[in-house]
Amino acid sequence: MGDVLAGIHATWELESDALVIRFDRGIRTPKLYSALRERRIPHEALASVTLTPGKRGTVVLHAVPRPGADPLMEAAAGQLKEGSDPYRLVIPAEREPLAEHYRDELRTLLASGPGAAGAAGHEAYGAVDGVAPADRFLVAPPPGPQAFKAYDGKACFDGTSEVAFRWSRTGASSEKWKAGDQVFPVRDLCGVEWRSPDGVDGYLRLVPRGGGPRADRPDQDPACVVFGRYGPVYESLTFAASVLAAIRGKDRTPVPVAAPAGAGGAGHRDPGAVAERIRHLGELHQAGLVTDAEFSAKKAELLAEL
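Residues numbered from 1 in each chain as written. Predicted model: local features only at pLDDT ≥ 70, side-chain atom pairs only at ≥ 80, totals over all residues. Heavy atoms only, no water.

1. A word on the packing of aromatic side chains
Alright, step 1. A full pass over the atoms with the stated rule returns seven aromatic pairs.
Alright, step 2. Ring plane angle 35° and centroid distance 4.9 Å describe the contact between Phe23 and Tyr33, whose orientation is recorded as tilted. On the criterion of sequence distance, the pair formed by Phe23 in strand β3 (residues 18–23) and Tyr33 in helix α1 (residues 31–36) is long-range, its members being 10 residues apart.
Alright, step 3. Taken together, the ring pairs connect Phe148, Phe157, Phe227 and Phe239 into an aromatic cluster. (Phe/Tyr/Trp six-rings, centres within 6.5 Å; stacked < 30°, edge-to-face > 60°. Helix = DSSP H or I, 4+ residues; strand = E, 2+ residues; numbered from the N terminus.)

As structure tokens, this is what we get:
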């Protein structure tokens, strides 16, 4: 184990091949920090480290991640507030000499590590401080399974292969109710769009492979949950990062789905899932959101999938 530097809300420990960040857990600690608990950042995942003056008698060490190295920062896409950036360590100003020593030691390790060998020059597209973007995630995502409540439904991720959206009876639009609860195999996705719930239009949208038409408004898109006053950053961002890491995992292979006993073909669906869709369809019919003809046609379509 190497040098340890304690700051406000977190502690950095310098190992031979990684920076280990352990976050405090308490009332005043940013909730994202508490949710992350601990992160191990390989040196090759970092572009540089800086030390700058902070607010109210503090200095700030900032380990700058390489673009594409951390699924959490990729999902955040620059939307995190400064006080919630997990790569910043705020230190009392009287400990600045120790912080300078820590910065210099980490810079030396970065200059001699494998990340330096990946530099393509300051002109490289997307480079930070001369370090080229990573071609794969180098930092482990928050562990799964995960779930969080949004305004119009609940999002669940099993940690490896499947994302599900279950619509709220009161918050979901009629378009989403007509579509029914959604289940997305990770192998069928190519990306995640996260818009911070700190704004007025926050949402989490799953991007399917192959593109195709989709609703312009998130509240009408069955591949999207809308945050409203729900889906806080520390829940929805870690969720988005975990899904994104699963999508891009190079060792990911399609997960075979066992056919129900007695099923006649590989294209048949789970009877339980079909029954749930029919139940939702019946509720829409009773609420007057679908006509008798629409109800009968859709029910017949669902039954044909058994």
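2. Focus on helix α3 (residues 96–112)
Note: α-helices contain 3.6 residues per turn, so residues at a spacing of three or four share the same orientation.
Alright, step 1. Relative to the 24 Å expected for 17 residues at 1.5 Å per residue, α3 spans 25 Å between its end C-alpha atoms, a close match to the ideal helical length.
Alright, step 2. Taken residue by residue, α3 has Ala99, Tyr102, Arg103, Leu106 and Leu110 as its buried positions. For α3, the angular spread of buried residues about the axis comes to 100°, placing them on one side. For α3, exposure combined with an orientation more than 90 degrees from the buried face picks out Pro97, Thr108, Ala111 and Ser112. (Expected span 1.5 Å × (residues − 1). Buried < 20%, exposed > 50% of the residue type's maximum accessible area, 1.4 Å probe, protein only. Arc of directions from axis to C-beta.)

3. A closer look at the pairing of strand β10 (residues 162–167)
Within a regular strand, the side chains alternate between the two sheet faces.
Alright, step 1. Bridging between strand β9 (residues 153–157) and β10 involves five bridges; their strand directions are antiparallel. Paired with Lys154 across the two strands is Arg166, which belongs to β10. (Pairing = 2+ DSSP bridges.)

4. Some points on the environment of Ala6
Alright, step 1. Mapped onto the fold, Ala6 is located in strand β1 (residues 4–6).
Alright, step 2. With relative accessibility at 33%, the residue Ala6 sits in the partly exposed group.
Alright, step 3. For the pair Ala6 and Arg95, spaced 89 residues apart in sequence, the C-alpha to C-alpha distance is 9.9 Å.
Alright, step 4. In contact with Ala6, not counting residues within four places along its chain, are Thr11 and Arg95. (Contact = heavy atoms within 4.5 Å.)

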